Amino acid sequence: MRVTLTAIKADIGSIGGHIRPSASLLKEVERSLQPHLGSDFIDFRLSYTGDDIAILMTHTHGTDNPLIHQIAWDAFKAAADVAKKEGLYGAGQDLLKDAFSGNIRGLGPGIAEMEFEERKSEPFLLFAADKTDPGAFNLPLYLAFCDPMYCSGLLLSPNMFKGFKFEIMDVAYTEGDKVIALFAPEELYDIAALLRDPERYVIKAVYSRTTGEIAAVASTTRLHNIAGKYVGKDDPILLVRAQGSFPATGEILEPYALVPYVGGFMRGSHQGPLMPVKRNSSVSFFDGPPIVSCTAYCVKDGKLSEEADAFDHPFWDYVREIASKKAIELRRQGFYGNAMLPYGELEYGGIVERLKALEGKFEIRH
Ligand code: 13P
Ligand code: 13P
Ligand code: MG
Ligand code: MG
Ligand code: MG
Ligand code: MG
């Protein structure tokens, strides 16, 4: 059957700063979603990653469906009210607009959706990150879909020999979606030239060139573009289909062992290693480090299987140790140089006033 996966995440308030949502918030989201289940809205699952709640929905309405978006928006709104009553920090933080007008895009929550004909077996992964921005998925997706050093299927599996199409978005553009399509392997260097700048260019979707089918889709919300000021980090989500003409699950996961430095961390203004964590993990050290969770599912007739926590394994304990070491190492240099993000990212925050005041005190000497 044709099914749509809709993953929507929002920070609607958290305990003790930006740590994690309370159990009552998750309960309220569930309470709000439950009555809408039926033959068209088939199934859903909830999880949190740091202070962001992710709703995964399966349905038959296709992408950008007003009804599905409304159900999710209302659930977040209801839970934000609970967060306000509980006095949680940043209650309703990612719900930047008051009125819903048919689509959740542009209102604050991050969204990743894909519609496809279910395969005989349909394994897929839901990644959710906190204390970082959508560019955090650039390198892991590039390596999993383009690089035979990571994706052995590019050499071993004939249904991947043709490579993949990348849709990359220029997230500095705010008048609409500015997207380029590039093809791996022949345009690898062009793809890399864009992806090297993760605050500006972000992978929106990946497609198989063998079947034309959608392989991956990520949220591309830049909150400061919507709010015009710093209102927390974007904290993206990503859906990836696995196996068959797509990389194997383990090939999609492998790049996360790199723990690349990404933008985010404290006040969304620093660089930190992206630590792969178990589902429903909080953040801690310096409001971080940036974290990413991964839940694996199969979907059949729209019904979700039991979930498997992809980073809940002894191997990733070792990787988490490496991430901790990388975090401590970079934090030793505090505000200096690469430890903090460049001005282009900071200009949505308070440092603008400080620098403006200093500008007036400069004198030109010849
Ligand atoms: P199994 O024999 O465990 O199913 O492994 C198959 C495989 O191809 C793993 O990538
Ligand atoms: P969040 O976007 O996760 O709320 O992070 C905000 C922040 O400033 C953390 O220090
Ligand atoms: Mg928060
Ligand atoms: Mg967050
Ligand atoms: Mg955030
Ligand atoms: Mg097997």
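About the cut-offs
Residues numbered from 1 in each chain as written. Chains lettered and ligands numbered in written order. Predicted model: local features only at pLDDT ≥ 70, side-chain atom pairs only at ≥ 80, totals over all residues. Heavy atoms only, no water. UniProt positions renumbered as here; feature names shortened; annotations may be inferred. 1 Å grid on protein atoms, 1.4 Å probe; cavity = no way out; pocket = protein on both sides within 12 Å on 5 of 7 lines; lining within 4 Å. Helix = DSSP H or I, 4+ residues; strand = E, 2+ residues; numbered from the N terminus. Buried < 20%, exposed > 50% of the residue type's maximum accessible area, 1.4 Å probe, protein only. Salt bridge = Lys/Arg side-chain N within 4 Å of Asp/Glu carboxyl O. Near = heavy atom within 4 Å. Polar contact = N/O pair within 3.5 Å; in protein donor to acceptor, adjacent residues only side chain to side chain. Nonpolar A, V, L, I, M, F, W, Y, C, P; charged D, E, K, R; others polar.

> I'm lost on the UniProt feature "binding site: Mg(2+) 2" (unreviewed entry) in the protein in this one. Help?
In this structure's numbering, the residues bearing the UniProt feature "binding site: Mg(2+) 2" (unreviewed entry) are Asp51, Asp52, Asp130 and Asp235. These annotated residues cover 185 residues of sequence, and their C-alpha atoms all fall within 9.3 Å of one another, placing them together at a single site. Annotated residues from the preceding list that form part of the lining of the second largest cavity: these are Asp52 and Asp235. Position of Asp52 relative to the elements: it lies in strand E3 (residues 52–59). Residue Asp52 is classed as buried on the basis of its relative accessible area, which comes to 3%.

> Could you clarify how one ought to interpret the pattern of salt bridges in this entry?
When the charged atoms of two side chains lie near each other, side chains of opposite charge can form a pair. Counted by the stated rule, this structure contains 27 salt bridges. When the shortest N-O distance is used, the salt bridge between Arg222 and Glu345 registers 3.1 Å. Residue Arg222 is found in the loop between strand E9 (214–218) and helix H6 (223–227), and its partner Glu345 is found in helix H9 (residues 343–346); the two are separated by 123 residues along the sequence. Between Arg365 and Glu363 there is a salt bridge whose closest N-O contact spans 3.1 Å. Accessibility assignment for this pair places Arg365 and Glu363 in one class, exposed. Beyond isolated ion pairs, a larger network of salt bridges with shared partners links Asp133, Arg222, Lys233, Asp234 and Glu345.

> Explanation requested: the site of ligand 2 in the structure shown.
Neighbouring residues of ligand 2: 13 residues in total, closest His18, Gln93, Lys131, Lys233 and Asp287. Between ligand 2 and the protein, one listed contact pairs an oxygen atom with a side-chain N or O atom of His18 at 2.8 Å. One nitrogen or oxygen atom from the side chain of Lys131 is found 2.6 Å from an oxygen atom belonging to ligand 2. Its residues placed into classes, the shell around ligand 2 shows two nonpolar, three polar and eight charged.

> Got a minute to help me understand unusual backbone geometry in this structure?
Glycine aside, residues mostly have negative phi angles, and peptide bonds mostly take the trans form. Ala184 connects to Pro185 through a cis peptide bond whose omega is 10°. Take Pro185: it is sitting in the loop between strand E7 (179–184) and helix H5 (188–195). For the peptide bond that leads from Gly288 to Pro289, omega is -5°, which places it in the cis range. Checked against the element boundaries, Pro289 lands in the loop between strand E13 (275–277) and strand E14 (291–300). Despite not being glycine, Gln243 has its phi angle at roughly 75°, a positive value. Its location among the elements puts Gln243 in the loop between strand E10 (237–241) and helix H7 (249–253).

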